[in-house]
Every structure is written in structure tokens, then in C-alpha cells.
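# Structural features, examined
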Amino acid sequence: MQPVSAPAKIILFGEHAVVYGYPAIAVPVCDVRITAQIKPAEALRVVSLDMHDHPLVVYPQLAGDDAVSTITRLALQYFDESPPPITIEINSQIPVASGLGSGAALSAVIARALAAHFGKSLQPDTLNDMVFQTEKLHHGTPSGIDNTVIVYEKPVYFRRSQPIEIISRIGKRLTFLIGDTGEKALTHVSVGDVRKLRDMHPDEIEPILYEIGSIAERARTAIEQGDVKTIGELMTQNHELLQRLTVSSPSLDTLVTSALDAGAYGAKLSGGGRGGNMIALVDEDHAEPVKDVLLQSGAVNVLTTHLLESD
Ligand code: PMV
């Protein structure tokens, strides 16, 4: 069987506000992936070879309600099959709890591996729904943006409970650096804290969420028109609003400021925040110097990814 895989993702605009129905933009990071292979075994188990910080995880049975068991159960129910005697061997390049969507990608590959094993088709809409159900059990109130961008592997303009909109016109090739603070942070904690803040100070917080949504809307036009300068400015404005939602952190702020000082068009945290990754939009020529500055400023790893210009 050919290995199956799923990509990482970054949120370019709109995290947190997206939970409350405002638009957000996310793109897949196609060269950073989780891959799964199937090997014969005596009973169903999922072995994770190199999930960062989790060198070897084995789930020999499905009794638990953890994410791996949940997606496996949902997939087996959908295919109307019982647990097969196989090992699903997972190899991941996506750091966990870092805002890159490792949880949704892991669920997606497990379901894809089972589909491949049974020789059954698994349409993106069905897979998207399964991964979303799994995310809901394990992350409280996810907006659904992670599973959508990871399953369809396309840039998306996402609004909760609305039909999926793929952004198919990209006016200019965009280069992003993804700087990892090395600090793990759980998304459901920061999402829960923003919810408490909104409940306590609705008059202060609701306008911030609205403004984040309006930035995502303007950013979509700028992306379609290839207006790199505006995209960068909107990213930095988005970061400032996320700071006001209390989801940034000293290390994220340091990396954002260093990237801007080194000539990035714009920079912001990406994902749940409080740690994890930040992103910077850079000119192709500035990619290396900004990357060096990020590493000097404490990033433990810096990836480069591109959003390709459409034809
Ligand atoms: O930290 P991540 O990669 O799971 O991204 C979370 C994005 C949020 O908007 C904060 C939450 C959500 O469900 O959309």
C-alpha cells in the first residue's frame, strides 16, 4: 500500500475570532506532513514513530476516548468494518501543540490509512466531518478551520457553518517564514481564556473580534490582488489585536518584533498562541536574513513555505 499523508497548516488571519463566526484565512504547509503506512500485525494498533516529544506511542486497543481511538472508531463505523489486524505506522514532521494543526493531521491520516487498507473511497467532505467530530471531542469548541484546510489541502477563506470557500486566485507568490518558539501551548486553554474574557468584558472584546474578522476580509482581497505590502501590514495589525486578546507571549512578541525589524512585510502569531509558532511574510531576498534573525532571537526552528501564484 502507498503511504497516505496530510499536511501541516498555518492560519494567516483570523484565529480566535473565527470561533465566534468571523472569517479567517488558513493555508496548508504541504512540505511538512504526517505520513502513515500500514503493516500487518496481530491486532489494530497505531504506532507513532517520531511525533515530537512523543517518540513512540502505541494504542493497542480502542477502548479509550482519546483522539486516535475516536477517529478510528468513526472511520470503522463509516466503512462498516471491524478493527483490522494492522499497525498504522505514523511518521510526523509536524510539531505537536504548536499551532500547526498536528492533531487534525493525525486524525486525517489515520482515517485515510484505514480507507486505503479496506480499499474504500473516503471523500473529502466525509473525512472533514470525521476529523471535525474528533476535534470537537478533544478541543472543546473548535471552529473547524484546522480540519478544513488540512483535509482539502488548499488555501481557505473560512467562516463557521458556511460553505467552504477555497481561495483560488493568488495574485503573487508569497513567502512565509514559520518561527517556532519551542513553547508548547494547548489551544483549548487559550480559546477558553478568550471566551472568559469575552463573557466578562463583552463591550471591550467583541469589537476586537469584529476587527480581526474585518482584517481577514481585507486580507483576502489583498492576497487575490498580490498586494504584498498590505498583506504584511494586516498581519501585524492582526497580531496587535491578538495581543489584546491576551493570547500572545513574550517569546512570540520577540520573534514578531525581530522579524519586522529585519525587514519582514508583516508578522504575527499563528494558531492558538501563548507559544507555538509565529509567521512572517518576507520578500524572497529577505528570507535568509530574517530567518537568521529569528534563530538569533530564540526561535528553535524556522521553516519556509510558499503560497504559489495562481495561473
Ligand atoms: O492552535 P491551532 O493550530 O489548533 O489553531 C487554533 C485556531 C483557533 O482559532 C484559536 C481555534 C479554532 O478552533 O479555530
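Residues numbered from 1 in each chain as written. Predicted model: local features only at pLDDT ≥ 70, side-chain atom pairs only at ≥ 80, totals over all residues. Heavy atoms only, no water.

### Focus: the packing of aromatic side chains
By the definition in use, this model includes three aromatic pairs. Taking the centre distance of 6.3 Å and the plane angle of 90 degrees together, the rings of Y22 and Y210 count as edge-to-face. In this pair, Y22 sits in the loop between β1 (4–13) and β2 (24–40) while Y210 sits in helix α6 (residues 202–225), placing the two residues 188 residues apart along the sequence. On the basis of relative accessibility, which here comes to 17%, the residue Y22 falls in the buried class. Among the aromatic residues, those joined into a cluster by ring pairs are Y78, F79 and F118. When the ring centre of Y157 is taken as reference, the NZ or CZ atom of R220 above it lies at 4.6 Å. (Phe/Tyr/Trp six-rings, centres within 6.5 Å; stacked < 30°, edge-to-face > 60°. Helix = DSSP H or I, 4+ residues; strand = E, 2+ residues; numbered from the N terminus. Buried < 20%, exposed > 50% of the residue type's maximum accessible area, 1.4 Å probe, protein only. Lys NZ or Arg CZ within 6 Å of the ring centre and 35° of its normal.)

### Some remarks on unusual backbone geometry
Notably, D80 is not glycine yet its phi reads approximately 55 degrees, a positive angle. With respect to the helices, strands and loops of the structure, D80 is situated in the loop between α1 (67–79) and β5 (86–92). Using a relative accessible area of 68% as the deciding quantity, one classes D80 as exposed. In this structure, T246 takes a positive phi of about 70 degrees despite not being glycine. By the element assignment, T246 lies in the loop between α7 (228–244) and α8 (250–261).

### A word on the sheet that holds strand β8 (residues 174–180)
Taking strand neighbours across the sheet as the criterion, the four strands line up as β9-β10-β8-β11 in an open arrangement whose pairing is antiparallel. Whereas interior strands pair on both sides, the edge strands pair on one side only; in this sheet they are β9 (266–269) and β11 (301–307). On average, each strand axis in the sheet is tilted by 20 degrees relative to the strand beside it, whichever way the strands run. Summarising the sheet, β8 and strand β10 (residues 277–282) pair through six bridges and their orientation is antiparallel. (Pairing = 2+ DSSP bridges. Axes fitted to C-alpha atoms, helices over the stretch in contact; angles between N-to-C directions.)

### Regarding empty space enclosed by the protein
The final tally for this structure, using the stated rule, is one cavity of 30 Å³ or more. Considered as a void within the structure, the largest cavity measures approximately 50 Å³ in volume. Along the walls of the largest cavity sit A97, S98, G99, A185, L186, T187, S270, G272, G273, G275 and G276, which together make up its complete lining. Class assignment for the residues of the lining of the largest cavity results in three nonpolar, eight polar and no charged. (1 Å grid on protein atoms, 1.4 Å probe; cavity = no way out; pocket = protein on both sides within 12 Å on 5 of 7 lines; lining within 4 Å. Points joined across faces, edges and corners; volume = space filled by probe spheres on them. Nonpolar A, V, L, I, M, F, W, Y, C, P; charged D, E, K, R; others polar.)

### Remarks on the nonpolar core
Core analysis: the largest hydrophobic core is formed by 100 residues, its most contacted members being L12, F13 and I88. The element contributing the most residues to this core is helix α2 (residues 102–118), with 11 residues. With sequence-adjacent residues up to four places away left out, I88 is seen in contact with A36, Q37, I38, L44, R45, V46, V47, I110, A113 and L114. (Core = buried A, V, L, I, M, F, W, Y, C linked by side-chain atoms within 4.5 Å. Contact = heavy atoms within 4.5 Å.)

### Observations concerning the environment of D253
By the element assignment, D253 lies in helix α8. Under the relative-accessibility criterion, D253 is labelled partly exposed at 23%. Note: C-alpha distance between D253 and P155 (98 residues apart in sequence) is 26 Å. Contacts of D253, omitting those with residues within four sequence positions, involve H239, Q243 and S248.

### Some remarks on the pattern of salt bridges
The full count for this structure, using the stated rule, is 15 salt bridges. A salt bridge links K39 to E89; its shortest N-O distance comes to 3.1 Å. Of this pair, K39 sits in strand β2 while E89 sits in strand β5, and the two are 50 residues apart along the sequence. A relative accessible area of 18% means that E89 is categorised as buried. Of the charged contacts, one joins E224 and R220 as a salt bridge, the two residues approaching to 3.2 Å between their closest N and O atoms. Remark: R220 and E224 occur in helix α6; sequence separation between them is four residues, near one turn of the helix. Owing to a relative accessible area of 17%, E224 belongs among the buried residues under this scheme. Residue R220 is classed as buried on the basis of its relative accessible area of 17%. (Salt bridge = Lys/Arg side-chain N within 4 Å of Asp/Glu carboxyl O.)

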